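Examination of the molecular architecture
This is what each chain is made of:
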Amino acid sequence: MSIQDAPVQHNHPDSLPPALETTVVKSWKAPIAFGIFSIVAILLFIAFGREGISGFRLSTDSDFVQIPTIEAPTRATGVVLTVLLVALAAYSAFLVSRNRPVRLWVTVVFAVLFLVAFLTWAAAGETIPVPGLLVGAVGLSVPLVFGALGGVISERVGVVNVAIEGQLLAGAFVSAIVASVTGQPVLGLISAMAAGVLVSFVLAAFSIKYFVDQVIVGVVLNVLVTGLTSFLYSQVLTKNTDLLNNSATIRLPRLPIPGLSEIPILGPVLFRQTIIVYILYVAVAVVFFALFKTRWGLRLRAVGEHPQAADTVGINVARTRFWNVSLAGAIAGLGGAYFTMGSVGSFNKEMTAGAGFIALAAVIFGRWDPIRATLAALLFGFASNLQSVLSIIGSPVPSEFMLMLPYLVTIFAVAGVVGRVRGPAAAGKPYIKS
Amino acid sequence: MSQPSVPPVESGPPVESGPPVASSPEGPDASVAEPRWHGVMREIVGGSAMISVLAVVLAMLAGGILIALTDDKVAAASGYFFARPGDLIKAVWDSVSGAYTSLFQGAVYNFKRPGFIAGIKPLTETLTFATPLIAAGLGVGLAFRVGLFNIGGRGQMLIAAACAGWVSWSFELPYGLHLILAVAAGVIGGALWGGLVGLLKARTGAHEVIVTIMLNFVALYLVSFMLKTPGLLQAPGSNNPKTPAALPTAVFPDLLGSQFNLHWGFIFVIAATVYVWYLLNRSNLGFQFRAVGENPNAARVAGISVNKMYIYAMLLSGGLVGLAGVAQVLGTVTTGFSSGIDAGIGFDAITVALLGRSKPWGIFFAGILFGAFKAGGFAMQASEGIPIDIVVVIQSLIVLFIAAPPLVRAVFRLPKPTGVGLRRPRTQTAEVTK
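Since the model is a prediction, treat every value here as computed from it, not as a measurement.

For the rest of this paragraph, the subject is the sheet that holds strand 1 (residues 53-57) of chain A. Residue and element names in this part refer to chain A. The strand order 2-1-3 describes an open sheet built from three strands, whose pairing is mixed. The sheet terminates laterally at strand 2 (70-73) and strand 3 (127-129), the two strands that pair on one side only. Averaged over all adjacent pairs, the angle separating strand axes in this sheet is 20 degrees, with direction ignored. Pairing between strand 1 and strand 3: three bridges, direction parallel. Looking at strand 3, one finds that Arg57 is bridged to Pro129. The sheet strands contacting helix 3 (residues 74-97) are strand 1 and strand 2, and the helix crosses strand 2 at an angle near 80 degrees.

What follows is the structure, encoded as structure tokens:
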């Protein structure tokens, strides 16, 4: 420390104490990114523009309020939207050249416009069912959001949670069996949380008590849970499907919320869901509030950022980490229950299919913030569902490239095009009390 | 201030004297030790080799319990346990010993078959399965030694398989030259896919764990797309996502004659092991690798370019993992492959590297052990009807136990190694990877 201080004083031996300078960081990242996307837009929507009429169906047949389907001429809409995109890119370049920051709303508007233009282009001659697209997106996002919330809590307290995949899978497996045997959905949900906690216990015990590298424990736990559930599925569940893996008793009913479920577009998407999704809404809000507004959250973040300091003021680092990693496991386990109880209705081998790793990416993409991580998870869910909707209506883009998109976006995000991400300082480091 | 729940077990200062071994040795072998040999015996009993053996024993034990618990006959016999307890014991013994006997017969030597050639065939199968595991394990282990965690084995293998495969059927070349070109193409493909990660980490600080996970998916979808597209990887005149067969000039020749599946890829893997050993232990570059892995800050102060080392290490790591992909397409599956060609080896390699403690020869034997598990697992599944997933459980348990030597010592009540007069067991996994 003192070595670093010395040259600074040496540099200004006889000058006055330097006034605090406000450094203006010119970041051309946003205009460059906007420019690239604008070129893509010009190429795709104008040079390779498609003819026809693009339709957007905005309401389902069962809606109380029916909104007529919007129809737009594909090429003309593409041209108009591309002009707007280029204008936004130029505006952001203008802002940066005048040393003014590019506000978030510019990025949001740009992204939405690009998306609408892309959908219009892809849907030439077809009609996109917008509520269906969004309902599917929410469905795919639910386990990702639960997993991401678990990841955020765990990493904020200083334990890297690569085992989200294992927690999701354990939750899915145990909830299916318990719900099937008892016929009680509530017990299914509780057991899913217990299963996630169990995985967390192992993670916590090995990383906090035995100081094993957390990433290694996480990876190995994923393999262990995958092997264990696959083994038990083949050996026990398939021989006794009616009792142990019965979709009639496992699947949860959809509970439309009266009133709210009749709101156009939003109603079918958000308020005609199973109880797990409603728990999710509460969980996101509670985790956000608790993490940043309560004493528990402050302690948790202190342990994750600077365990030594936290220890000095009397916080038990090991205990705080242990219980919060367990809590993270409970939340992720609940997300696992969505696979069996919320959507599919029965357990299958390796049914999480890498969702835990996507949730991990959402944590980092969301910069360890519950709200942003939720949005990132929704984005991933939307991208995957967009791919399946587009492949149904016959998209000109190969579905593999659509599937690739979330991962490429994450690489870009992590590599710092969007912004260098920095996690909790002590995440991944065991705290050895001296 | 806090309850003393976390004793500094492994990484604490060496003031802890450990349990009183000399007075009451509880380890199975420690009782015969002379006072002069106490240090040696402790080293053997508590050292890393013994821990590895005991970890395998513990994991096999846990696997046995799992097999017995899910066996139908055991369940039936436990119904009348109090009437005839002998039946339960016999049923447990039958199921577990039957499983492990068939595992051994499938992996090492089958006494039931006539003649030595037929009897030894399982061992050659084990070596065939071990070939890609060792290659990929060397890649992951090399990255571990530089402090990098390469989870991207799947992607690197897929890209390598695609490159090697494409060369293997696209050109008509003489024997020898064709094989070398195909191997080189695959290794370079894997190296570039891995090197990309190193480049991103060196240039932008992107975490290699996230980038490798994401690149796995990108490679999977990229290869799936190429497999579906005529003119890229798809076999001409076919609609299946499968490649053409490799030309015979590019296939690894059989090593022990045509009655065995073992191919020359095994020789390549032995050469790779020797090369990695030389690289890490005898070369200048390897010294710099290890310096960066031990402490990047110290290495930087010593004038080593840490960023360059990251790029080189990921290039080499990707190339070695690529060799595993090459061994798959030119040795094991030569009749055309689909997107499942990696067969989970990229992830198994992590456990192989951990079991081998990131040392070349350790990885070599760990790879053979896991190859034996794989070969035996298939035999066990075929003859005893026990799902091969049990092998995954045992493998992950082995790694989990090895990662936490204090846990294994606690289970078997072994003393802590003191290291007096001997070199200390410095390879603890937590240290190797960070």
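Resuming the write-up.
What follows deals with the interface of chain B and chain A. Each side of the interface is counted separately: chain B has 56 residues, and chain A has 50 residues. Summed over both sides, the interface of chain B with chain A buries roughly 4,800 Å², with 77% coming from carbon and sulfur. Salt-bridge contacts for A:Lys349 lead to B:Asp389; the nearest nitrogen and oxygen are separated by 3.3 Å. At the surface where chain B touches chain A, the tally comes to two residue pairs in polar contact (both at pLDDT 80 or more). The set of elements that each furnish at least two residues to the side of chain B that touches chain A consists of helix 2 (48-69), helix 7 (177-204), helix 8 (208-228), helix 13 (345-355), helix 15 (389-403), helix 16 (405-412) and helix 17 (429-433) of chain B. Sorting elements by how many residues they give to the side of chain B that touches chain A places helix 8 of chain B first, with 13 residues. Taken together, the residues of the side of chain B that touches chain A sort by class into 37 nonpolar, 14 polar and five charged.

Turning our attention to the nonpolar core. Within the largest apolar cluster, 208 residues are counted, with the highest numbers of intra-cluster contacts made by A:Ile276, A:Phe347, B:Ile390 and B:Ile398. Counting residues per element, this core draws most heavily on helix 8 of chain B, at 15 residues. Counting residues in hydrophobic clusters, the runner-up holds 29 residues, among them A:Ala89, A:Val106, A:Ala123 and A:Ile393.

Analysis parameters
Residues numbered from 1 in each chain as written. Chains lettered and ligands numbered in written order. Predicted model: local features only at pLDDT ≥ 70, side-chain atom pairs only at ≥ 80, totals over all residues. Heavy atoms only, no water. Pairing = 2+ DSSP bridges. Helix = DSSP H or I, 4+ residues; strand = E, 2+ residues; numbered from the N terminus. Axes fitted to C-alpha atoms, helices over the stretch in contact; angles between N-to-C directions. Contact = heavy atoms within 4.5 Å. Buried area = accessible area lost by both parts, 1.4 Å probe. Salt bridge = Lys/Arg side-chain N within 4 Å of Asp/Glu carboxyl O. Polar contact = N/O pair within 3.5 Å; in protein donor to acceptor, adjacent residues only side chain to side chain. Nonpolar A, V, L, I, M, F, W, Y, C, P; charged D, E, K, R; others polar. Core = buried A, V, L, I, M, F, W, Y, C linked by side-chain atoms within 4.5 Å. Buried < 20%, exposed > 50% of the residue type's maximum accessible area, 1.4 Å probe, protein only.

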